[in-house]
Amino acid sequence: RRNGRYWIPMPSARDIIETYTARGLLGTAIARRLADPATVLTPALDAYLDRLGVCHEMNLTHDAYMIDLDFQNELARCANMPRIGSMFVQLSLQLRLFVTIIGLDYQYPTDEIVTDGRRLVLACQENDAEAAVAAWRQKTDNCARHMLRFLDAMAGRAK
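Below, the structure is looked at part by part. If you're wondering where the values come from, they're calculated on a predicted model, not measured in any experiment.

Take the environment of Pro11 next. The residue Pro11 is located in the segment before α1 (13-34) in this model. The buried category is assigned to Pro11, whose relative accessible area is 4%. In the structure, Pro11 is positioned 87 residues away from Phe98 in sequence and 7.0 Å away in space, judged by C-alpha atoms.

Here you go:
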């Protein structure tokens, strides 16, 4: 807090990498659980994917990023792993902070968001834990790569 105002530091590349590393590890456990035949995937997942498709068609990229975080949080809820799910959602809140309050956005193409999400859900529906984990890791890597690329562009503009 300075002069009666709150200042939030710009996240560094390290902050982003740490956040996505933690989400990647937690998400791996979530993906494995979701691929278990006893786990029920909610209809909300398909609804989120449909909404992401609409965002892609209408070029609503910021909305797509927020819906994608909701989609990922719903995956965590479906896994029914309270501790891991809670930690995962807390990291989602951190990303919302980066995106919304600080203005750090990322250029993750919406068609890739939809494709990555559908690949993950399909692997879970087919009870293929290895494919689900691979899909989750690819999705997480894509998220981190696109956000880091945007951070680099912002840093270049600030110079």
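After that view, the rundown keeps rolling.
Moving on: the packing of aromatic side chains. A full pass over the atoms with the stated rule returns 1 aromatic pair. Ring centres 5.7 Å apart and planes at 55 degrees place the aromatic pair Phe88 and Trp136 in the tilted group. Here the residue Phe88 occupies a position in helix α4 (residues 82-101), and Trp136 occupies one in helix α6 (residues 129-158), the gap between them amounting to 48 residues. Per residue, the accessibility class of Phe88 equals that of Trp136, and both read buried. The ring centre of Phe88 lies 4.3 Å from the NZ or CZ of Arg23, which sits over that ring.

Moving on: the packing of α1 against helix α3 (residues 61-79). It is at 9 Å that the axes of α1 and α3 come closest, and there the two elements cross at 55 degrees. In terms of orientation, α1 and α3 fall into the oblique class. Helix-helix and strand crossings are classified by hand; for α1 and α3 the assignment is left-handed. For the pair α1 and α3, contact is made by Arg23, Ile30, Arg33 and Leu34 and by Leu69, Gln72, Leu75, Ala76, Cys78 and Ala79, respectively. Split by residue class, the contact of α1 with α3 holds 7 nonpolar, 1 polar and 2 charged.

This paragraph deals with unusual backbone geometry. For Asn59, which is not a glycine, the phi torsion comes out positive at approximately 60 degrees. By secondary structure assignment, the location of Asn59 is in the loop between α2 (43-58) and α3. Phi angles above zero are rare outside glycine, and Asn127 is one such case at about 55 degrees.

The rules behind each value
- Residues numbered from 1 in each chain as written.
- Predicted model: local features only at pLDDT ≥ 70, side-chain atom pairs only at ≥ 80, totals over all residues.
- Heavy atoms only, no water.
- Helix = DSSP H or I, 4+ residues; strand = E, 2+ residues; numbered from the N terminus.
- Buried < 20%, exposed > 50% of the residue type's maximum accessible area, 1.4 Å probe, protein only.
- Phe/Tyr/Trp six-rings, centres within 6.5 Å; stacked < 30°, edge-to-face > 60°.
- Lys NZ or Arg CZ within 6 Å of the ring centre and 35° of its normal.
- Axes fitted to C-alpha atoms, helices over the stretch in contact; angles between N-to-C directions.
- Parallel < 35°, antiparallel > 145°, perpendicular 65-115°, else oblique.
- Left-handed = near helix turned anticlockwise from the far one by under 90°.
- Contact = heavy atoms within 4.5 Å.
- Nonpolar A, V, L, I, M, F, W, Y, C, P; charged D, E, K, R; others polar.

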